[in-house]
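# Examining the three-dimensional arrangement
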Amino acid sequence: MGRVEGKVAFITGAARGQGRSHALRLAQEGADIIAVDLCDQVGTVHYPMATPEDLAQTVKDVEALDRRIVALEADVRDYGALKAAVDDGVAQLGRLDIVSANAGIAGFGAVDELTDEEWGDMLDINLTGVWHTAKAAIPHLRAGGNGGSIILTSSTAGLMGIANLAHYVSAKHGVVGLMRALALELAPDMIRVNSVHPTSVDTDMIHNSATYNLFAPDLDNPTREQIGERFQALNVLPIKWVDAVDISNAVLFLASDEARYITGVTLPIDAGSTAK
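Scoring rules and cut-offs
Residues numbered from 1 in each chain as written. Predicted model: local features only at pLDDT ≥ 70, side-chain atom pairs only at ≥ 80, totals over all residues. Heavy atoms only, no water. Helix = DSSP H or I, 4+ residues; strand = E, 2+ residues; numbered from the N terminus. Buried < 20%, exposed > 50% of the residue type's maximum accessible area, 1.4 Å probe, protein only. Contact = heavy atoms within 4.5 Å. Pairing = 2+ DSSP bridges. Axes fitted to C-alpha atoms, helices over the stretch in contact; angles between N-to-C directions. Salt bridge = Lys/Arg side-chain N within 4 Å of Asp/Glu carboxyl O. Expected span 1.5 Å × (residues − 1). Arc of directions from axis to C-beta. Polar contact = N/O pair within 3.5 Å; in protein donor to acceptor, adjacent residues only side chain to side chain. Core = buried A, V, L, I, M, F, W, Y, C linked by side-chain atoms within 4.5 Å. Phe/Tyr/Trp six-rings, centres within 6.5 Å; stacked < 30°, edge-to-face > 60°. Lys NZ or Arg CZ within 6 Å of the ring centre and 35° of its normal.

## Looking at the environment of I227
Note that I227 resides in helix 7 (residues 224-232). Exposure remark for I227: the relative accessible area of 0% places this residue in the buried category. When the C-alpha positions of I227 and T211 are compared, they lie 9.1 Å apart, and in sequence the two are 16 residues distant. Setting aside its immediate chain neighbours within four residues, I227 contacts Y212, F215, A216 and W241.

Encoded structure:
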């Protein structure tokens, strides 16, 4: 216990899924949390996104661990709003040490069928939003004078191509390039920057009718069990998907002093899928 004791972590997309899991795992190990989420629907996303009630639940869960949390609704596409949220959180909690740029969306479509809006929303949220997150946080990390750790959420799609995901693949590959540039720029300040690359994670982002129908177009109303068989074929280990906490454990490691000299790396949590 206490691997990030006394530190403050800024997490985007914190209302549910991986973001909530990261908040709880870091809080379990002693961190206070600045939690940000859009808490609204994006028009090109074909599954229900997080709500204000979801963010409120994250607050309750973190406070139940006897940690402080500042939760704010902000869109990572809006740099001004995101910066204001980070500034507010740091003003209340006193410092910033860890950044988890986790907010993202998923979508599907053949390259020649994607709309400008689908492409734009994907790149704006999954890449530009990650840049905005880092940009808003860097002054606070530098001001602290204690170094820090920035963890960018990419995907196995940031390490390989996947059909019908061109906009997602492009954004997630872009995150890797951003991570590598930031690692070089921030190294003199002892601020480490790395990326995590999950395979399919057991969250609402994959458990929805749009995703199910993509993976099982031959089935009417595919079930979770049926779709699990399709997802398991993506992995080397005989599992359907990883749990959100598996990614959170990697984020915790990269945030902790155990990884104090690790920067500029891509860390897959992928059940071996990128080894195929």
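Okay, back to it.
## With respect to the sheet that holds strand 2 (residues 32-37)
The strand order across the open sheet built from seven strands is 3-2-1-4-5-6-7, with neighbouring strands paired in parallel fashion. Looking at strand neighbours, the two that pair on one side only are strand 3 (69-73) and strand 7 (266-269), the edges of this open sheet. Taking the axes of each pair of neighbouring strands and ignoring which way they run, one obtains an average angle of 15° across the sheet. Where strand 4 (residues 98-101) meets strand 5 (residues 148-153), four bridges bridge the pair, whose relative direction is parallel. By the bridge assignment, I98 is partnered in strand 5 with S149.

## Structural notes on the pattern of salt bridges
Tallying each qualifying case throughout the model produces 15 salt bridges. Between R68 and D32 there is a salt bridge whose closest N-O contact spans 2.9 Å. Placement of R68 in the loop between helix 2 (52-63) and strand 3 and of D32 in strand 2 is noted, with a sequence separation of 36 residues between them. A relative accessible area of 43% places R68 in the partly exposed class. Among the ionic pairs, D202 bridges to R224, the shortest N-O distance being 2.8 Å. Note that D202 is positioned in the loop between strand 6 (191-198) and helix 6 (209-215) and R224 in helix 7, a separation of 22 residues in sequence.

## Notes on the environment of E73
Mapped onto the elements of the fold, E73 is located in strand 3. In the structure, E73 is positioned 90 residues away from A163 in sequence and 33 Å away in space, judged by C-alpha atoms. Beyond its immediate stretch of four places on either side in the chain, E73 contacts D37, L38, C39, P52 and L55.

## Some words on helix 3 (residues 79-93)
With 15 residues, helix 3 ought to run about 21 Å at 1.5 Å a step, and its terminal C-alpha atoms sit 21 Å apart, in line with that. By the burial criterion, the buried members of helix 3 are L82, A85, V86, G89, V90 and L93. Angularly, the buried residues of helix 3 cover 125° about the axis, an arc narrow enough to put them on a single face. One side-chain oxygen of the residue at the start of helix 3 lies 3.2 Å from the amide nitrogen of G80, identifying that residue as D78. Just past helix 3, the residue G94 takes up positive phi, approximately 95°.

## A short note on the nonpolar core
Formed by 47 residues in total, the largest nonpolar core has its most connected members in F10, L96, I150, L152, L182 and V193. For this core, the element with the most residues is helix 5 (residues 166-186), which contributes 10 residues. Filtering out sequence-adjacent residues up to four positions away, V193 remains in contact with I150, L152, M179, L182, A183, L186, T263, G264 and V265. Ranked by size, the runner-up nonpolar core spans 32 residues in total, among them A9, A15, L55 and V242.

## Side note on the pairing of strand 3
One ladder, built from five bridges, connects strand 2 with strand 3; its direction is parallel. The residue of strand 3 that forms the bridge with I34 is V70.

## Brief notes about the packing of aromatic side chains
Taken as a whole, this structure holds two aromatic pairs when the rule is applied. Seen from their ring centres, F215 and F231 are 4.3 Å apart, and the 25° between their planes marks the pair as stacked. You can see F215 sitting in helix 6 and its partner F231 sitting in helix 7, a full 16 residues away along the chain. The exposure class assigned to F215 is partly exposed, which follows from its relative accessible area of 24%. Between F231 and W241, the ring centres sit 5.7 Å apart and the planes meet at 65°, which makes this aromatic pair edge-to-face. Separated by 10 residues along the polypeptide, F231 in helix 7 and W241 in the loop between helix 7 and helix 8 (244-255) bring together distant segments of the chain. Neither residue differs from the other here; F231 and W241 are each classed as buried. An aromatic cluster is present here, built from F215, F231 and W241 joined pairwise through their rings. For the cation-ring pair, K135 lies above Y79, with the distance from its terminal atom to the ring centre recorded as 4.7 Å.

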